[in-house]
Amino acid sequence: MKKRSLVLCFTVALAAAPIFASTALAAPEAFEKDMDAFLSKDENVKKVGDALERYFQKKREDAQQQAAKSETERIDNQFKNPVKVDIGSSPVKGNPAAKITIVEFSDFQCPFCQRGAAVMEDVLKEYPNDVKLVFKNLPLPFHEKAKPAAKASLAAGKQGKFWEMHDLLFKNQAALGDDLYMTLAKDLSLDTA
């Protein structure tokens with residue numbers, strides 16, 4: 001509480017600096033008396049209020065600028081030290097030498113993942129030289145058809161048709177099941193064994 005009072009008194013003294021600057025430092029009792037007299041006038045109270053508003057507005061602006069600067073530095077550091085991702089044998093689509101690699105963790109039964117796949121396709125079309133997409137199966141435990149669909153996509157991938165199976169699985173998401181996997185495998189001329 002004392003610190004806040006000191007800041008307030010200091011701010012008030014700054015607002016009335018031409019009148020009280022020397023008094024505030026030399027004789028605290030005289031300062032209080034002069035301040036009481038000063039604040040008895042409405043126009044002086046307004047001056048002090050305006051000074052306080054400017055003071056706290058500046059504090060808010062400084063805090064916002066510092067937060068923005070910190071966020072900018074954090075983002076800059078991320079680009080200076082990019083995350084290295086081991087894609088292993090995961091399916092890759094797009095320019096192999098692309099500057100940007102997007103790693104998508106997805107579930108063939110998830111409707112949000114289906115939408116995400118469409119967005120990723122748009123990104124690859126928009127930036128064909130700059131982006132490559134790596135797909136990682138992440139079947140969620142509460143999607144009972146997701147793991148078999150993931151296995152079907154990987155089996156197709158072993159025969160060079162992962163992305164074709166990927167697209168068909170999302171396109172036929174409502175019909176996921178063994179019958180669909182066999183039908184799609186035949187449509188893609190895969191060795192079903």
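Residues numbered from 1 in each chain as written. Predicted model: local features only at pLDDT ≥ 70, side-chain atom pairs only at ≥ 80, totals over all residues. Heavy atoms only, no water.

A word on the side chain of serine 90. Within the fold, serine 90 resides in the loop between α4 (42-80) and β1 (92-94). Residue contacts for serine 90: discarding those within four places in its chain leaves Val134, Phe135 and Lys136. (Helix = DSSP H or I, 4+ residues; strand = E, 2+ residues; numbered from the N terminus. Contact = heavy atoms within 4.5 Å.)

This paragraph deals with the nonpolar core. Membership of the largest hydrophobic core comes to 24 residues, with the highest contact counts inside it found for Phe108, Ala149, Met165, Leu169, Leu176, Tyr181 and Leu190. Broken down by secondary-structure element, the contributors of at least two residues to this core are α5 (111-126), β3 (131-137), α6 (146-158), α7 (162-171) and α8 (178-187). Not counting residues within four places of it along the chain, the set of residues in contact with leucine 169 comprises Phe108, Ala149, Ser153, Leu176, Tyr181 and Leu184. Grouped together as the second largest cluster of nonpolar side chains are five residues, Phe31, Met35, Phe38 and Val48 included. (Core = buried A, V, L, I, M, F, W, Y, C linked by side-chain atoms within 4.5 Å. Buried < 20%, exposed > 50% of the residue type's maximum accessible area, 1.4 Å probe, protein only.)

Under the 1.5 Å per step criterion, the end-to-end length of α4 is 56 Å for 39 residues, consistent within 8% with the ideal 57 Å. Within α4, burial applies to Asn44, Val48, Ala51 and Leu52. (Expected span 1.5 Å × (residues − 1).)

Bringing the sheet that holds β1 into the picture now. Spatial ordering of the open sheet is given by β1-β3-β2, a layout of three strands whose pairing is mixed. Two strands lie at the open edges of the sheet, namely β1 and β2 (100-106), each paired on one side alone. Averaged over all pairs of adjacent strands, the angle between strand axes in this sheet comes to 25 degrees, irrespective of strand direction. For β2 and β3, the ladder comprises seven bridges, and the chain directions are parallel. Following the sheet pairing, threonine 101 is matched in β3 by lysine 132. Contacts from α7 reach β1, β2 and β3 within the one sheet, and its direction differs from that of β3 by about 70 degrees. (Pairing = 2+ DSSP bridges. Axes fitted to C-alpha atoms, helices over the stretch in contact; angles between N-to-C directions.)

Turning next to the packing of α6 against α7. A packed helix pair is summarised by two numbers, namely the angle formed by the two axes and the spacing between the axes. It is at 7 Å that the axes of α6 and α7 come closest, and there the two elements cross at 150 degrees. One element, α6, and the other, α7, form an angle in the roughly antiparallel class. Only Phe162, Met165 and Leu169 of α7 make contact with α6, whose side of the interface consists of Ala149, Ala152, Ser153, Ala156 and Gly157. Partitioning the contact of α6 with α7 into residue classes produces six nonpolar, two polar and no charged. (Parallel < 35°, antiparallel > 145°, perpendicular 65-115°, else oblique. Nonpolar A, V, L, I, M, F, W, Y, C, P; charged D, E, K, R; others polar.)

Taking 1.5 Å per residue as the helical rise, α5 with its 16 residues ought to reach 22 Å, and the 23 Å between its terminal C-alpha atoms agrees with that figure. What α5 keeps buried is the set Cys113, Ala117, Met120 and Leu124. One side of α5 holds all its buried residues, which, seen down the axis, span an arc of 65 degrees. The outward face of α5, more than 90 degrees from its buried face, is lined by the exposed residues Phe112, Arg115, Lys125 and Glu126. As for α5, its buried residues are in contact with β1, β2, β3 and α7. (Arc of directions from axis to C-beta.)

Here we come to the confidence of the model for the protein. Where the model shows low pLDDT, its predicted coordinates should not be examined in detail. Of all residues in the protein, 84% have pLDDT values of 70 or greater, and the mean over the chain is 84. The weakest mean pLDDT in the protein belongs to helix α1 (residues 2-15) at 51; the strongest belongs to α7 at 96. (pLDDT = per-residue confidence, 0-100.)

A few words on the pattern of salt bridges. Under the definition given, this model contains five salt bridges. When the shortest N-O distance is used, the salt bridge between lysine 46 and aspartate 50 registers 3.1 Å. With lysine 46 and aspartate 50 both in helix α4 and four residues apart, the pair spans about one turn of that helix. Put simply, glutamate 121 and lysine 93 hold a salt bridge, and the shortest N to O gap is 2.8 Å. Residue glutamate 121 is located in helix α5, and its partner lysine 93 is located in strand β1; the two are separated by 28 residues in the primary sequence. On the basis of relative accessible area, glutamate 121 is assigned to the partly exposed category, the value being 26%. (Salt bridge = Lys/Arg side-chain N within 4 Å of Asp/Glu carboxyl O.)

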